[in-house]
Structure formats: structure tokens, C-alpha cells
Amino acid sequence: MTTEKLAPPTHTGVRIAANGLGQRVRDGRRILDDISLTIDPGEVVAILGASGAGKTTLLETLAGVRRPATGAVRHDGGGPAEAIGFVPQDDIIHRELPLERTLRYAARLRLPPGTTPAEVTRRVAEVLGELGLSDRAGVPVGRLSGGERKRASIAVELLTRPGVFFLDEPTSGLDPAIAVDLLRVLRTLADAGATVVLTTHQVTDVELCDRVVVLTRAGRLAFAGPPAAAREFFGVRSLAEVYLRLDEAGDPATWPDRFAARRDTAPDRPGNEPDRPDTDPDRRGSDPQRPAGAAARGVAGAGRSRHLGRSRQWAVLTARNTEIVARNRLTLAILLGSPLLVLGMFALLFRPGAFDPARPSPNVTVMILFWIAFGGFFFGLTYGLLQICTELPILRRERLAGVRFGPYLLAKVAVLLPLLALVDLALLGVLRGIDRLPPVGGADFAALYATLLLSSAAALALGLLCSAAVSDAAQATLMLPMLCFPQVLFVGAILPVPAMATGGQWLSYAMSNRWAFEGLGHTAGVQRLWRDGGSPLGPPLLATYGDSFSRPVWLNWLILGGFVLLFLGATWAVLVRAESRRAV
């Protein structure tokens, strides 16, 4: 890989000072214990330790992604939030888009307001050249090699010329040659003035770093200093043996206590002494009232005012989502093709003429209206169910860049709702054309369409809510039957609501599909059709439904609109709560 000379960071180098850091998980178990260290600008520092030692937790705490339970972190120098670059372990960027398009959207979200399109183009081209990716600009991210995707993840953060990079396992899963190549890139970043902190399991990575931080399995600091000094301290020839030395100690505190005594008597370098406790309330990282990352100048979250406003974020995210859907032909075929299959089944299942006033078929009209309502619900639910859980890591990363949950959710709706509108219109139009709907006029057809679209929108919002509440696509898929069955049983089509048990009647109020079904029935005029038609089944069937179809359709619209707002608001709350729990 050949790279151009990296431009210096926009901000001055960042000095990181951690004092007495402690961290716990939800069950109260301590995973970091009294970590004090200092990292100077221009250094490449590796955090080393066994699995479960707390390497990623320490990295996230130093970066401001997590709020420390005890202690404080200070970032001295640098600038506002843009001075932080955080690269998680996974290659969490959208794989459908070409690399250049991915970086362009990232730049529009990260660069300050007022950045012109020409400046965005120039910055993207510079970063691609600096990381040796110019010839891969038009390749979809999913088709890049492992090393190229790692560099692409770094490129996303390099767009803002940060003063400090945090990288979680950047060489994990890479071939040794590619790993060395990537570490040379990080070395170049440090030589250009940035501070680089990374976690690693590969001791060969450490030899290319200025300093190494070693954690015990109990999350205590066993050593911090140059790699050569670490070998001398632990009495080993290779850093790979450090893990054995840590496990051989009968007392887990042996090495941390020995290092603390060594640092107290002869610090391994100036400036590595533990910092004094910070008593300034504006700089303490453990204040529970402050958002994670606002502990000190330069920590992610401290400079949100320089990020795009909500409307601009919504516009960028909407454009990106649209391009992702358009470029993923398989997803687009499923989104548009599955409704066509359902429509074909409807045409094969129901005979024409069920709504003929001279010879109505009350039972068939019930089923037609119900399955239309359920079709709109099912389309909306499946469109939304995988939208968030499949890109939660991307969302968490972009939250560090200032992306807000509101624009993020509304961008999802802005892309998916027009697709649903097209599908719903095709569904009603074709059914009307093949005589599976009543011969209504333009106003009534528009009312049917509005009811179905609101039903789809409510289901879309419910799908987004469930997608935000789970952690992966498999869990979301398992939720699909649990969400659909109640919308079949308690809507009032199979068993009229007045005929249900009391519990079922109450539960039916929470079914958005009930209000779509009743709204469609009201507009289709089933009351008049069943009462005045020639079928003897009409009047008794109408009696079992009571006043289900007598409510004005605008009331059903109001209820369905309420479901949309309720589910979107709940989705926002779930995402906020998940972020706050993750930050603790």
C-alpha cells in the first residue's frame, strides 16, 4: 500500500489524563479498578490484556463513549467534539454504497455546517489518497478486502482531522502483513501529530507502538510504559509471555502493586505520575447528570453546537437511506415484489362480485376487508422490523459524530413510507380493477387509500420500535409471528369485537389493525350493503358487529395517527434509554 503524506490534524494534539478510573457492569461487578495513566500527543499506545480484562471498556472510557463510575478523564488540547476519532472493532459502515459515496455522506454529517460541496469533495479525495484507497473509490464497501475496510473505517474519522484516534482491535482478523501495513498507517497519523490509542490481542502489534498499557484479568493496571520496559518489568523475552506471568501470580494484585510502587519511586517517564483528583465540577467525568463524553474539553459530545442542525441531518440521512435501498437490488425486489405476490394470492382466493349490491356476500366482504387491512399492516411491519437492529453499531458510531435520534428515525420514515404508499395504492387499484372492491367513487377510494396508508404507517412505526428494542436480526425475525397473531385474532374479523370475552375486547383497542379494518368497512358501506342487500346472512351478521362500522372514518384516522406518533415516540425513548445504559 502506498499512501500520500498525511495532513496534520485540524486541532492540536490531545493529551489524555486518566485518574482513578473505575467501571462496573449492570450487576455491580467491577471491570476496571483505579486506572491512572497519561498519554501524550503523537504517541501510539496499545492496551493489552486477556479477554475480559476490560480493554474495550477502558478504551471507550478514555474516548468518552462511557462515563466512568469513578475517577475522571481529561482531554487537554485539541478542540471540540470533532477532535475525537473512534473506530470500533467491527467494520461498521454501510456496505451497499461505493467507498467514495460512503465517505461523502460521512463528511456531510461530520464536517461543520457551511462546508461547501466542493470542500466535501476535496476532503474525501484527500483522505482516500492518504490511506491508499483512491483506486478503490468506486468499489462498494462490502467488496473491499478486510484491510481496506479497516482503512475505510479510519477514513471516516480522518475526514475531520481529529487530534486523537481510539481504535478497538483494528488488526483483528487481518493477515499479519495487512496488520503491519495498517499499523504503519497509524504510525503515520501519530507522526502527523495525532494521538493514537488502540486495543489489541496481538502482541506483535505492540512492537510498533510507543507505549503499552497492560491490564490484569481483574481490570487493574499492571504496567504502562515502552514495550522494552514492559519486557524488563515482567522478566520476559516476548510480550506474549506477559499473559502467563499475570496468570502465574498467586495474588491478582501482585503486578499492579509492584507497578504502583515502581511508579511512585521511579516513574517510567516524566508526566506519567497519577494526576491529582479533579475537583472542578465542570471537568469531573463521574457526574451522573452530565452526558457521557462531556467530562472534559475535547471529549465526544461536548461540542454538539458545531454539528448539523436537525433538518440538515434529516436531509443527509434520507438521501443516504434512499441510495442504500436503490443500490441493494435484492432488498428493493423484496420490498416491491412481496406485495405483488400477496396481491396475486388475493386475486386467486376471492371471487369477484362480493360487493355487488344485488347479490352481496357478507362473509366474503368481511374477509376481503380484513385481509386488505392486514396486508397493509404486514407490509409496514416487515419494512420496519429490520431497519434499526441491523445497523445499531453504525448508529452508535454516528451518535459520536452528533447524529440525533429524531432525524435518524424520520429519515427511515421518509424513505420507507413512499414505498408503502406505492404498494398500498397498487393493492387497492388492482383489487378495484378486478372487482374485489365495491364500486366506490373517487372520494371514497381516496378514503380507503388514506385508511390503508395510515395502517401501514402505524405498522412501520411498530416495526421500528421492535427493531430498536432487539439487538440483532434473528431476534427481530422471531418477533414477527408474535406481532402478527394478535392483529389477526383481536381485530374483529374472525370474531366480532362485541362477541369477544371482556379481556379480548379491551385488548382489541390496542390493535392498530382493528381501526383500519373498521375504517375500511365504514367507507365500503358494509352496513348498508348487509342491511339492504339480498343476502339473508347480512342482517344477522351486522347485528353481531354492533357499531363497529358506524364510527366516522376520520375517527379511525385519528386513532391510527395516534398509533404512529406513539410508536415513533416509544422508539426514540428506547434508543435514548439504550444509549444511557450503554454509557454507564
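Here the structure is a predicted model, which is why all the values come from computation and not from measurement.

Our next topic: a nonpolar patch on the surface. Together, Phe485, Leu489, Ile494 and Leu495 give the surface a local cluster of nonpolar side chains, amounting to about 400 Å² of exposed area. Among the secondary structure elements, Ile494 is positioned in the loop between helix 16 (473-489) and helix 17 (502-508).

This part is about the packing of aromatic side chains. A complete count under the given rule lists 19 aromatic pairs for this structure. A ring pair is formed by Phe346 and Phe350, whose centres lie 6.2 Å apart and whose planes are at 55°; its orientation type is tilted. The pair Phe346 / Phe350 is uniform in exposure class, with both members buried. Here Trp371 and Phe374 contribute two aromatic rings whose centre-to-centre distance is 5.5 Å and whose plane-to-plane angle is 90°, an arrangement assigned as edge-to-face.

All right, on to the sheet that holds strand 3 (residues 44-48) then. Across a sheet, strands are paired by hydrogen bonds formed along the backbone, either parallel or antiparallel in direction. If you walk across this open sheet you meet the 6 strands as 5-6-7-3-8-9, and the pairing is mixed. Each edge of the open sheet carries a strand with a single partner, namely strand 5 (84-87) and strand 9 (221-225). Sheet twist, expressed as the mean angle between neighbouring strand axes with direction ignored, is 10°. The sheet contact formed by strand 3 and strand 7 (residues 195-200) spans 5 bridges and is parallel. When the sheet's bridge partners are listed, Ala46 is paired in strand 7 with Leu198. Where helix 7 (residues 227-234) meets the sheet, its contacts fall on strand 8 (211-215) and strand 9, and the angle it forms with strand 9 comes to roughly 140°.

Attention now goes to the side chain of Arg66. Here Arg66 shows up in the loop between helix 1 (55-63) and strand 4 (70-77). In this structure the side chain of Arg66 is engaged in a polar contact, spanning 2.5 Å, whose partner is the side chain of Glu60.

Turning our attention to the side chain of Thr199. Residue placement: Thr199 occurs in strand 7. What makes Thr199 buried here is its relative accessible area of 0%. Among the polar contacts listed, one links the side chain of Thr199 to the side chain of Asp168, at a separation of 2.6 Å. Within the local environment of Thr199, its side chain forms a polar contact with the backbone nitrogen of Glu169, the two atoms lying 2.9 Å apart.

Once that is clear, we can look at the packing of helix 12 (residues 362-385) against helix 16. Relative orientation of the contacting elements helix 12 and helix 16 amounts to 160°, with a least axis distance of 11 Å. With respect to helix 16, the axis of helix 12 lies roughly antiparallel. The chirality of how helix 12 crosses helix 16 is right-handed. Residues Phe370, Phe374, Phe377, Phe378, Leu381, Thr382 and Leu385 of helix 12 touch helix 16, and the partners they reach there are Ala476, Leu480, Leu483, Cys484, Gln487 and Val488. Of the residues assigned to the contact of helix 12 with helix 16, the class counts are 11 nonpolar, 2 polar and no charged.

Ile372, Phe517 and Trp530 are the most contacted members of the largest nonpolar core, which totals 84 residues. It is helix 14 (residues 405-433) that provides the largest number of residues to this core, a total of 13 residues. Leu21, Ile47, Val212 and Phe233 belong to the second largest nonpolar core, which has 82 residues in total.

Attention now moves to the pattern of salt bridges. One side chain can pair with another of opposite charge once the charged atoms of both are near each other. Counted under the stated rule, the structure contains 21 salt bridges. A salt bridge links Arg161 to Glu126; its shortest N-O distance comes to 3.0 Å. A residue pair is termed long-range when its members are at least 10 positions apart, and Arg161 in the loop between helix 4 (146-158) and strand 6 (164-168) and Glu126 in helix 3 (residues 117-130) qualify at 35 residues. In the salt-bridge network here, residues are joined through shared partners; they are Arg122, Glu126, Glu130 and Arg161.

On to the pairing of strand 3. Successive side chains on a regular strand alternate, one facing one side of the sheet and the next facing the other. For strand 3, the tally of buried residues reaches 5 of 5 residues, placing the bulk of the element in the interior. Burial of the side chains of strand 3 extends over both faces: Val44, Ala46 and Leu48 are buried on one face and Val45 and Ile47 on the other. Relative to strand 8, strand 3 is paired through 4 bridges, and the arrangement is parallel. Paired with Leu48 across the two strands is Val214, which belongs to strand 8.

For helix 4, built from 13 residues, the straight-helix expectation of 18 Å at 1.5 Å per residue is met to within 8% by its first-to-last C-alpha distance of 18 Å. The element helix 4 is extensively covered by neighbouring structure, given that 12 of its 13 residues are classed as buried. Considered for burial, the residues of helix 4 that qualify are Gly147, Glu148, Arg149, Lys150, Arg151, Ala152, Ser153, Ile154, Ala155, Val156, Glu157 and Leu158. Next to the buried residues of helix 4 lie strand 5, helix 2 (99-110), helix 3, strand 6, helix 5 (176-191) and helix 13 (392-400).

Moving on to the environment of Tyr449. Looking at the element boundaries, Tyr449 is found in helix 15 (residues 442-469). Tyr449 sits 22 residues away from Leu427 along the chain, and the two C-alpha atoms are 9.5 Å apart. Not counting residues within four places of it along the chain, the set of residues in contact with Tyr449 comprises Ala421, Asp424, Leu425 and Leu428.

This paragraph deals with the pairing of strand 1 (residues 14-24). With respect to burial, strand 1 is a largely interior element, 9 of its 11 residues being buried. Both strand 1 and strand 2 (residues 30-39) contribute to a ladder of 6 bridges, which runs antiparallel. Paired with Arg24 across the two strands is Arg30, which belongs to strand 2.

What follows concerns unusual backbone geometry. In the Ramachandran plot, Arg161 falls in the positive-phi region, its phi being about 50° despite a non-glycine side chain. For Arg161, a relative accessible area of 5% corresponds to the buried category. Not every positive phi belongs to a glycine, and Asp435 is a case in point at roughly 65°. As for its position among the elements, Asp435 is in the loop between helix 14 and helix 15. Looking at Asp435, the relative accessible area reads 37%, which means it is partly exposed.

Calculation criteria
- Residues numbered from 1 in each chain as written.
- Predicted model: local features only at pLDDT ≥ 70, side-chain atom pairs only at ≥ 80, totals over all residues.
- Heavy atoms only, no water.
- Patch = residues over 30% accessible without salt bridge, like charges linked within 9 Å, V, L, I, M, F, W, Y side chains within 5 Å.
- Areas by Shrake-Rupley, 256 points an atom, 1.4 Å probe, with all protein chains shown as cover.
- Salt bridge = Lys/Arg side-chain N within 4 Å of Asp/Glu carboxyl O.
- Helix = DSSP H or I, 4+ residues; strand = E, 2+ residues; numbered from the N terminus.
- Phe/Tyr/Trp six-rings, centres within 6.5 Å; stacked < 30°, edge-to-face > 60°.
- Buried < 20%, exposed > 50% of the residue type's maximum accessible area, 1.4 Å probe, protein only.
- Pairing = 2+ DSSP bridges.
- Axes fitted to C-alpha atoms, helices over the stretch in contact; angles between N-to-C directions.
- Contact = heavy atoms within 4.5 Å.
- Polar contact = N/O pair within 3.5 Å; in protein donor to acceptor, adjacent residues only side chain to side chain.
- Parallel < 35°, antiparallel > 145°, perpendicular 65-115°, else oblique.
- Left-handed = near helix turned anticlockwise from the far one by under 90°.
- Nonpolar A, V, L, I, M, F, W, Y, C, P; charged D, E, K, R; others polar.
- Core = buried A, V, L, I, M, F, W, Y, C linked by side-chain atoms within 4.5 Å.
- Expected span 1.5 Å × (residues − 1).

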